[in-house]
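Now for the letters of each chain:
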Amino acid sequence: MLELRPTCEHCNKRLPPNSSEACICSYECTFCITCVETVLANVCPNCGGGFVPRPVRPATNWRGDNFLGKNPASTTPKHRPVDSAAHARFAAKIKDIPPRER
Ligand SMILES: [Zn+2]
Ligand SMILES: [Zn+2]
């Protein structure tokens, strides 16, 4: 199950489960859209993959207990700010490759 992390890994901005700013990579690394665009150049600092908007888990029990009440968001922040200069070097050879082709 997708771990809905509570904050942006870089800037620590709060990203509640219904945030429209939360982005994830395939490993669930979680950043806000501002950091994805301005700091990361859509390159995950942990895996080199791209980001997509994080889906919103329903707050309402529409069907079969598949909702936030049964499977709540994580409350453990993962705050590992990126070294911008180091990331720029890492991302330089990756950022112009479409995520689908990485
Ligand atoms: Zn951020
Ligand atoms: Zn990643």
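That block above? That's the structure.
What comes next concerns the included structure. Quick caveat, the model's predicted, so the values are computed rather than measured.

**A closer look at the coordination of the zinc ion (ligand 1)**
Protein-derived ligands of the zinc ion (ligand 1) are Cys8 (SG), Cys11 (SG), Cys32 (SG) and Cys35 (SG), with the metal-ligand distances lying across 2.3 to 2.4 Å. One can describe the site at the zinc ion (ligand 1) as tetrahedral: its four donor atoms subtend angles covering 101 to 120 degrees at the metal. Within one chain, the residues donating to the zinc ion (ligand 1) are spaced in sequence as C-x2-C-x20-C-x2-C. Residue Cys8 is located in the segment before β1 (22–24), and its partner Cys35 is located in helix α1 (residues 33–38); the two are separated by 27 residues in the primary sequence. Judged by its relative accessible area of 0%, Cys8 is buried.

**Notes on the coordination of the zinc ion (ligand 2)**
With distances of 2.3 to 2.5 Å, the protein atoms coordinating the zinc ion (ligand 2) are Cys25 (SG), Cys44 (SG) and Cys47 (SG). In primary-sequence terms, the residues that donate to the zinc ion (ligand 2) follow C-x18-C-x2-C. Of this pair, Cys25 sits in the loop between β1 and β2 (30–32) while Cys44 is found in the loop between α1 and β3 (52–53), placing the two residues 19 residues apart along the sequence. Accessibility classification places Cys25 together with Cys44 in one group, the buried group.

Reading the values: rules and limits
- Residues numbered from 1 in each chain as written.
- Chains lettered and ligands numbered in written order.
- Predicted model: local features only at pLDDT ≥ 70, side-chain atom pairs only at ≥ 80, totals over all residues.
- Heavy atoms only, no water.
- Donors = N, O, S within 2.8 Å, 3.2 Å for Na, K, Ca; no water.
- Tetrahedral: all angles 85-135°; square planar, octahedral: opposite > 155°, others 65-115°.
- Helix = DSSP H or I, 4+ residues; strand = E, 2+ residues; numbered from the N terminus.
- Buried < 20%, exposed > 50% of the residue type's maximum accessible area, 1.4 Å probe, protein only.

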